[in-house]
Amino acid sequence: MHDEKAIRVIPHRGMRQIGGICTEVATDEARVLFDFGSPLEDEGDQNPLSIEGVTKGDIDCDAVFLTHYHGDHVGEVPSIKAGIPVYMQKTARRILQAQQEHMQCHGQEVWADGVQELDYGVPIIIKDLKITPIESDHSAIDSAMFIVEGHGKRILITGDYRMHGFRTERMEKTFREMGHIDLMITEGTNLSKDYKGIYKNEKDIEEKFKEIKQKYKYVFLFTSSSNIDRIAAFSRQVPNGQYVITDDYQKKILEIADEDREKEYKSHKVLYYSDYLKDKMENRGFGMVVRSGDKFSQIVHKYFDQYPEDTILIYSMWSGYRLLPGVKKILDIATRIETIHVSGHITKEDLEHVIDVVRPEKLMIHHTSMNDVEDEGFLIPANTEILPIKDGEVFELETMFSFKDKDDINHKTAEEDNLKQIAEICKEAFESDNPNDILKKRLRNKWEEEKEHIDTHEFCGKCETDTITEKRICRCMNYYDENSKLCSEESCKLKLKWKNVGEITVSDYEKPTKNVMEKVGGMDLILDDHYAVEVKPYYSKETLSRMFSEILTYTVDCDGKYEPGIAMFKYNHDTGRKSHQWETFKSLEEKEYLKEIMKHVKVFTIDYEVNGDIAEYKIELYN
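Predicted model only: the values in this text are computed from it and were never measured.

Peer 1: Help me out: how do you make sense of the sheet that holds strand β17 (residues 337-339) in this one?
Peer 2: Sheet strands pair via backbone hydrogen bonds, and the direction of the pair is either parallel or antiparallel. Pairing is parallel across the open sheet formed by 6 strands, whose spatial order is β14-β13-β15-β12-β16-β17. Where the open sheet ends on each side, the last strands, each with one partner, are β14 (270-272) and β17. Taken pair by pair, the neighbouring strands of this sheet meet at an average axis angle of 25 degrees, ignoring direction. Pairing of strand β12 (residues 218-222) with strand β15 (residues 286-290) involves 5 bridges; the strand directions are parallel. The partner of tyrosine 218 across the bridge, within β15, is phenylalanine 286. Seen against the sheet, helix α7 (residues 275-284) touches β12, β13 (243-246), β14 and β15 and runs at an angle of roughly 130 degrees to β13.

Shown next as structure tokens:
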């Protein structure tokens with residue numbers, strides 16, 4: 001039942017350090033990497049990434065995907081061998097390029113111009129892997145999470161993210177509609193921190209900006225140039241008649257960010273500092289975004305020196321940056337400082353909540369300095385397994401095809417082995433607390449998309465009927481009334497009108513599963529509004545194992561509304577012989593494995609007699 005192929009996951013760096021992240025996902029055909037960052041100073045492994053086929057040797061990598069533009073996720077991309085495509089969300093890529101061009105005079109290499117752009121929700125197919133970028137929320141705007149799909153498995157790679165930004169509701173919706181996740185690879189930056197700050201989210205920050213700007217005429221915001229949400233929120237709280245001031249580089253970054261953003265998140269009336277504005281901003285007041293550097297130090301010094309009662313500096317960065325020489329220089333100048341900041345990373349409590357919503361089969365936590373996550377009282381669902389993986393170790397995510405699509409599912413010689421496996425699956429599932437979950441994993445291994453099936457019937461060719469006065473069934477499962485013409489459609493080989501003369505009636509046909517899934521369609525017949533059955537024409541050679549596995553696959557999402565079954569024609573009227581399914585069934589019905597299956601899947605028989613163009617049929621419950 002298991003596919004020989006597996007998906008391999010290798011964290012090359014970052015399992016027990018913050019920054020310097022790089023994670024590989026590979027199959028026998030495809031090899032892709034996610035992030036290629038530089039380590040933070042004095043944090044964990046400082047050696048450059050050295051990966052065969054990626055930074056050295058012959059090329060053996062199909063693509064590298066970047067979650068966002070922070071250096072600890074992209075800093076070592078220049079060491080990737082030429083010819084390996086690098087992908088990034090389009091706005092994030094443009095911001096990164098602007099950053100590199102700004103620092104080019106200091107030796108920064110400009111490589112972002114060669115990165116290929118991604119759009120949220122638009123998948124990239126890399127051989128047997130599908131990689132779909134999903135909108136995230138982080139202190140680097142337009143960050144992306146990735147869903148990696150292959151061989152029936154789904155991996156979520158979160159990158160850095162938070163649930164306390166401006167898009168909390170959107171993030172919550174994303175996780176609730178994520179669908180089944182076999183492996184979740186998440187950051188855990190704040191797991192070792194017990195955050196007790198005054199400000200809980202970005203909306204609190206913006207409210208405080210408003211309060212301070214109403215109190216002080218001259219307000220400096222000391223923050224990272226890439227923290228666009230923070231800067232845009234600050235700009236929105238500078239009142240009309242005053243100025244929002246940045247340098248020309250910061251203004252360019254904001255313009256790139258604002259191009260495709262919703263109006264509510266855009267920055268507001270930003271100007272760049274110039275001699276023309278000196279007197280105007282001094283007379284009217286301003287909110288000014290500053291960074292380290294002599295130019296900003298001089299301006300901050302002037303206002304604290306000349307207007308000490310009307311001036312304040314807001315420090316809005318990680319506290320660890322205070323010790324950096326350039327940061328310390330400005331902080332030493334400012335005589336009035338207020339720290340207003342929240343982390344760009346998810347809190348421990350929010351991470352527990354997200355994992356409880358997603359409920360992945362397996363969990364990998366990286367981008368954390370906590371050594372033993374599983375031993376620190378971290379709350380996760382009972383059925384989620386934390387993987388104690390170290391940098392460089394290989395974890396194999398076992399894969400399997402949908403059981404009904406196994407290579408040997410229609411081979412007569414494999415029939416008994418397949419039925420034995422189905423019996424084992426049924427026994428395991430129906431003796432468990434969550435049978436549907438086990439049936440999904442072991443029979444289908446395909447998971448719901450976001451959209452629901454529409455419960456409509458498509459008629460084939462000449463099988464249309466205007467009214468249904470009596471229910472009859474043909475090969476294409478359409479109903480016929482007494483006056484309908486014979487079906488002449490090529491695919492409809494029965495060429496008969498079907499008339500039910502039994503007590504069990506066909507109440508619906510081609511009933512779709514609730515949610516759309518790959519290669520998972522509809523239940524052939526609904527009998528007496530209670531049984532959903534798989535039925536094949538009397539000449540079909542399809543195996544019982546495929547019929548059993550298919551109906552179990554389809555009914556697993558019916559919330560108990562339909563009991564699964566199969567319906568077999570006993571005889572083929574064209575040959576007068578037993579049908580393949582009935583012949584197989586009769587030869588095996590005393591086997592214990594078939595009896596086990598029949599505890600959970602009903603078996604129906606179909607007998608019929610042909611009178612002219614009418615086949616009078618009767619469906620009966622066998623077990």
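Past the structure itself, the notes keep going.
Peer 1: For this particular structure, what's the right way to read the sheet that holds strand β7 (residues 124-126)?
Peer 2: The 7 strands are arranged β7-β8-β9-β10-β11-β18-β19 in an open sheet whose pairing can be described as mixed. The strands lining the two open edges of the sheet, one partner per strand, are β7 and β19 (385-386). As paired strands, β7 and strand β8 (residues 129-135) are joined by 3 bridges and run antiparallel to one another. Along β8, the bridge assignment pairs isoleucine 124 with isoleucine 131. Those strands touched by helix α10 (residues 348-358) are β11 (183-187) and β18 (362-366), and its axis lies near 165 degrees from that of β11.

Peer 1: Can you walk me through the state of the cysteines in this structure?
Peer 2: In protein chemistry, a disulfide is the covalent bond that joins the sulfur atoms of two cysteines. Under the defined criterion, the tally for this structure stands at 0 disulfides. Unpaired in terms of disulfides, cysteine 61 finds its nearest cysteine sulfur in cysteine 22, a separation of 8.6 Å.

Peer 1: What am I meant to see in a nonpolar patch on the surface here?
Peer 2: A grouping of Trp318, Tyr321 and Leu324 is seen on the molecular surface, where their side chains present a nonpolar patch of about 310 Å² in accessible area. Mapped onto the fold, leucine 324 is located in the loop between β16 (311-315) and α9 (325-333).

Reading the values: the criteria
- Residues numbered from 1 in each chain as written.
- Predicted model: local features only at pLDDT ≥ 70, side-chain atom pairs only at ≥ 80, totals over all residues.
- Heavy atoms only, no water.
- Pairing = 2+ DSSP bridges.
- Helix = DSSP H or I, 4+ residues; strand = E, 2+ residues; numbered from the N terminus.
- Axes fitted to C-alpha atoms, helices over the stretch in contact; angles between N-to-C directions.
- Contact = heavy atoms within 4.5 Å.
- Disulfide = S-S within 2.5 Å.
- Patch = residues over 30% accessible without salt bridge, like charges linked within 9 Å, V, L, I, M, F, W, Y side chains within 5 Å.
- Areas by Shrake-Rupley, 256 points an atom, 1.4 Å probe, with all protein chains shown as cover.
- Salt bridge = Lys/Arg side-chain N within 4 Å of Asp/Glu carboxyl O.

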